[in-house]
Amino acid sequence: FESDINDLIEALRKADLFDEESQSRLLQAGADHLMKHVKAEASKSKYNLRFVSSKLKKNKLKRDKNGEYYVTVTIKGKNDRGERLATIAFVLNYGRQKKYGGIEGNYFWTEAVKQASDSVAQVYERETEKIFKERGLT
């Protein structure tokens with residue numbers, strides 16, 4: 001799938017459309033796609049992960065040290081005891097050793113990332129087609 005994404009990026013570059021706006025749109029669409037999968041996997045979990053759907057957020061478009069844009073998806077907020085919900089989700093995803101009060105990992109987030117990765121190329125393709133149409137290139 002990576003070559004498909006590289007082909008889409010190359011098509012945008014050739015049309016001189018791989019600008020901040022188009023990159024932001026692709027990244028936002030990818031983040032929305034991941035969030036959909038995380039919510040679906042959380043709803044199937046054997047643990048009570050209702051908090052995931054309501055607290056799942058994508059962060060604003062940022063640049064890394066190499067100047068590349070990125071968007072992250074995380075869980076915001078704390079529970080009634082002041083514990084970070086992201087930490088709770090991490091433990092419920094990967095589990096915890098017995099000596100710390102053993103919890104079996106459910107891998108809901110890991111599975112969601114895998115599923116989203118398998119189908120994100122189609123999301124990017126649809127968004128690229130929209131960009132081309134909006135700018136009168138199809």
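Just above sits the structure.
The following refers to the structure shown. This one's a predicted model, so the numbers in the text were calculated from it and none came from an experiment. (Residues numbered from 1 in each chain as written. Predicted model: local features only at pLDDT ≥ 70, side-chain atom pairs only at ≥ 80, totals over all residues. Heavy atoms only, no water.)

1. Observations regarding the nonpolar core
Stage number 1. Residues V38, L49, F51, V52, I75 and F108 are the most contacted members of the largest nonpolar core, which totals 19 residues.
Stage number 2. Element by element, the count of residues in this core is highest for helix α2 (residues 20-44), at five residues.
Stage number 3. Residue contacts for F51: discarding those within four places in its chain leaves I75, L85, I88 and A89. (Core = buried A, V, L, I, M, F, W, Y, C linked by side-chain atoms within 4.5 Å. Buried < 20%, exposed > 50% of the residue type's maximum accessible area, 1.4 Å probe, protein only. Helix = DSSP H or I, 4+ residues; strand = E, 2+ residues; numbered from the N terminus. Contact = heavy atoms within 4.5 Å.)

2. Some details on the packing of helix α4 (residues 85-94) against helix α5 (residues 108-134)
Stage number 1. Running from amino to carboxyl end, α4 crosses α5 at an angle of 85°, the nearest separation of the two axes being 7 Å. By the angle between their directions, the pair α4 and α5 is classed as roughly perpendicular. Counted together, A89, L92, N93 and Y94 of α4 and F108, W109 and T110 of α5 form the full contact between these two elements. (Axes fitted to C-alpha atoms, helices over the stretch in contact; angles between N-to-C directions. Parallel < 35°, antiparallel > 145°, perpendicular 65-115°, else oblique.)

3. Topic: the pattern of salt bridges
Stage number 1. Taken as a whole and assessed by the stated rule, the structure comprises eight salt bridges.
Stage number 2. A salt bridge links E104 to K46; the shortest N-O distance between them is 3.2 Å. Taken together, the positions of E104 in strand β6 (residues 103-104) and K46 in the loop between α2 and α3 (50-55) put the pair 58 residues apart, joining distant regions of the chain.
Stage number 3. The class of E104 is exposed, set by a relative accessible area of 54%.
Stage number 4. Beyond isolated ion pairs, a larger network of salt bridges with shared partners links E21, R25, E127, K130 and E134. (Salt bridge = Lys/Arg side-chain N within 4 Å of Asp/Glu carboxyl O.)

4. Digging into the environment of V120
Stage number 1. Turning to its location among the elements, V120 is positioned in helix α5.
Stage number 2. Owing to a relative accessible area of 10%, V120 belongs among the buried residues under this scheme.
Stage number 3. With 86 residues separating them in the primary sequence, V120 and L34 have C-alpha atoms 8.4 Å apart.

5. Some thoughts on the side chain of S22
Stage number 1. The topology assignment puts S22 in helix α2.
Stage number 2. Judged by its relative accessible area of 0%, S22 falls in the buried class.
Stage number 3. Excluding anything up to four places from it in sequence, S22 contacts L17, I131 and R135.

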